[in-house]
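Observations on chain architecture
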Amino acid sequence: MNNLLFPVLSILSDGKFHSGEMIAKHFNVSRVSVWQAISDAEKLGVEIFSVRGKGYSLSHSVQFIDEMKVKKSIGEMASWFNIKVFDVIDSTNNFLMQEAPKGYPHASCVATNIQTNGKGRRGRQWQSSLGENLTFSFLWRFTKGAAALSGLSLAVGVSLIRSLKKVNVDQALLKWPNDILINDDGVYKKLAGILIELQGDMDGQSAAIIGIGINLELSKNQLSKIDQPAIGINQCVEEKINPNEFLGIIIKDLAEVLAKFESNSFEHFQDEWQSYDALKEQAISINLRDGESIFGRAKGVNNSGALEVITEEDGIKTFSSGEVTIRKVE
Ligand code: BTN
C-alpha cells in the first residue's frame, strides 16, 4: 500500500479543501507523490473532490478509527481486549478466520477504516466506504462446541441494541435472525448487519468470528450500491456519533453479552430480543435455501432463537434459518 495514502487522507479528514502543494510541502514530497496517493485512495473507493485552484477534499469529514481512542473509550477494562485497527483490509472476518486457528487471542476486536471486500450473509457483499460505516470483527472463544451456540447471532443483536441505546438511538429494532433496522416513517431501513462464522468442534471448544457492519453516514453513491433501504446512525441522532467512543461501548457490551451467553445460552436473552422484534405479528414470507417460500404471521422466537411462524395450513412452524420478507397485506 502507498505509504503516503493515510497521511494524506488524515490531512483531508476535516472535509475541507487542501492544495496539493501544501500537502506536498507538509510531507516534504513531490506533488506527483501526493497525486499518486490521491489516485490510490480513489482506487480504494474513497470519494475525493479535486478542484483546480482549491486542491483536494473528501466528500465529508471523517473520524478515523484509532486503537488508542477505542481503548480510551473502553476505559479500565481495556487491557482485557486485544484491539487491532487496520487502515485497509479485504475483510476483518477473513482476517480472523485465518488468524484464529493460529492462536489469535480471545476477545480480539479487529476493525478497519477501509474494507475492500466485505462479506455479508448468504454470500452477499457488504458495501462500506471510508467514514461511512463502522466495520469490525470480534473473536470470542467458547468452551462449548458450535452445536451449543444456537441463538448466538440473536444475542449479538441484543448487545448491539443495548449499545445503540447508550448513544441515544432508541428506535432500533431486530429483524430475525440478526439485522438491525430503523422504522423511518413506515419504511424499515437497515442500520447494521451481523455475520457470524464458527470454527472448531461441534461438541468441543469453538471460536466465533462475529463480523459487524454499522452504517454511520451513507453517501448517495453508497446507497445506490445497496440492494435494500438503508440508513446511517447519524440520521437517527441529533449530534454525530463519535465512532471510536461507540466502538468502545460496543466492545464492552459484547463481552458482557457473550460471557452471559456462554453460561446461560440464548434463553437468557429471549424476552429482551422479543421486545425489539420488528416482525412481531407481521405477515411475512420466509424463503428457504431450497427456494421454497412459506407464508404466515411471525410469532417471535423460541428459547433457542428459532423463528416461530403461524401458517394457515400447518399451524406453528419453526425455522432456524431463512430469509424473511415483511409482506404488505391489504
Ligand atoms: C449482513 O447483514 O449481511 C452481515 C454484514 C456483516 C458485515 C461485516 S463488516 C465487518 C465484517 N467483515 C466482513 O467481511 N463482514 C463483516
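Below: a short report on this structure. All of these numbers come straight from a predicted model, not from anything done at the bench. Numbering of residues starts from 1 in each chain and follows the order in which that chain's sequence is written. Under the rules for a predicted model, residues below a pLDDT of 70 receive no local features and side-chain atom pairs below 80 are neither given nor counted, while totals for whole chains, interfaces and linings still include all residues. The side-chain quantities take in all heavy atoms of the structure and omit both hydrogens and water.

1. Digging into the packing of aromatic side chains
Think of it this way: a Phe, Tyr or Trp ring, Trp meaning its six-membered ring, pairs with another when their centres are within 6.5 Å, and the plane angle makes it stacked under 30 degrees, edge-to-face over 60, tilted otherwise. Counted according to the given criterion, the structure contains six aromatic pairs. With a centroid separation of 6.3 Å and 50 degrees between ring planes, the pair formed by phenylalanine 81 and phenylalanine 138 is classed as tilted. Here phenylalanine 138 lies in strand E5 (residues 133-142) and phenylalanine 81 lies in the loop between helix H4 (67-74) and strand E3 (82-89), a separation of 57 residues in the sequence. Whether a residue is buried, partly exposed or exposed follows from its accessible area with a 1.4 Å probe, protein chains only, as a fraction of its type maximum: under 20%, in between, or over 50%, in that order. Owing to a relative accessible area of 0%, phenylalanine 138 belongs among the buried residues under this scheme. Ring plane angle 90 degrees and centroid distance 5.5 Å describe the contact between phenylalanine 95 and tyrosine 104, whose orientation is recorded as edge-to-face. One aromatic cluster is present, built from ring pairs that chain together Phe81, Phe138 and Trp140. The rule is short: NZ of Lys or CZ of Arg within 6 Å of the ring centre and within 35 degrees of the ring normal puts a charge over the ring. One residue, lysine 84, lies across the ring of phenylalanine 86, its end atom 4.8 Å from the ring centre. Put simply, DSSP marks the helices as runs of H or I at least four residues long and the strands as runs of E at least two long, and each gets a number from the N terminus on.

2. Looking at the sheet that holds strand E7 (residues 179-184)
Pairing between the strands of a sheet is mediated by backbone hydrogen bonds and can be parallel or antiparallel. At least two DSSP bridges between two strands are required for those strands to pair. Read across the sheet, seven strands follow the order E3-E4-E5-E9-E8-E7-E6 without closing on themselves; strand pairing throughout is mixed. Of all the strands in the sheet, just E3 and strand E6 (172-175) have a single pairing partner and so form its edges. Direction aside, neighbouring strands of the sheet carry axes that sit 20 degrees apart on average. Here E3 runs beside strand E4 (residues 108-115); their pairing, made up of seven bridges, is parallel. Each residue of the ladder has a partner; that of lysine 84, found in E4, is valine 110. Note on definitions: angles span 0 to 180 degrees between N-to-C directions of axes, and those axes are lines fitted to C-alpha atoms, for helices only across the stretch in contact.

3. Some points on the sheet that holds strand E11 (residues 293-301)
Read from one edge of the open sheet, five strands run E13-E12-E11-E10-E14, paired in antiparallel fashion. What marks the edges here is a single partner per strand, and that holds for strand E13 (315-319) and strand E14 (323-326). Taken pair by pair, the neighbouring strands of this sheet meet at an average axis angle of 45 degrees, ignoring direction. Where strand E10 (residues 283-287) meets E14, four bridges bridge the pair, whose relative direction is antiparallel. Opposite isoleucine 284, over in E14, you have isoleucine 326 as the bridge partner.

4. Re the packing of helix H6 (residues 152-166) against helix H8 (residues 243-264)
Closest axis-to-axis distance for the H6/H8 pair is 9 Å, and the angle between their directions is 140 degrees. In terms of orientation, H6 lies oblique with respect to H8. In the packing of H6 onto H8, the handedness of the crossing is right-handed. Here Leu152, Ala155, Val156, Ser159, Leu160, Arg162, Ser163, Leu164 and Lys166 of H6 lie close against H8, whose contacting residues are Phe246, Ile249, Ile250, Asp253, Leu254, Glu256, Val257, Leu258 and Phe261. Side-chain classes follow a simple rule in which Ala, Val, Leu, Ile, Met, Phe, Trp, Tyr, Cys and Pro form the nonpolar group, Asp, Glu, Lys and Arg form the charged group, and the remainder, Gly included, forms the polar group. Taken together, the residues of the contact of H6 with H8 break down into 12 nonpolar, two polar and four charged. For classification purposes, an angle smaller than 35 degrees is called roughly parallel, one larger than 145 roughly antiparallel, one from 65 to 115 roughly perpendicular, and anything else oblique. Crossings are assigned a handedness: left-handed for a near helix turned anticlockwise from the far helix by less than a right angle, right-handed for a clockwise turn. Between two residues, a contact is recorded if the distance between any of their heavy atoms is within 4.5 Å.

5. Some remarks on the pairing of E11
Across five bridges, E10 lies against E11 in antiparallel orientation. Following the sheet pairing, alanine 283 is matched in E11 by arginine 297. Bridge count between E11 and strand E12 (residues 307-311): four bridges; the pairing is antiparallel. Opposite alanine 298, over in E12, you have valine 309 as the bridge partner. Here E11 folds back onto E12 in antiparallel fashion, the turn holding five residues, of which glycine 305 has a positive phi close to 90 degrees.

6. Topic: the pairing of strand E1 (residues 48-51)
Two elements, E1 and strand E2 (residues 55-58), share four bridges in a ladder whose sense is antiparallel. Paired with isoleucine 48 across the two strands is leucine 58, which belongs to E2. Two successive antiparallel strands, E1 and E2, enclose a turn made up of three residues, where glycine 53 displays a positive phi of approximately 90 degrees.

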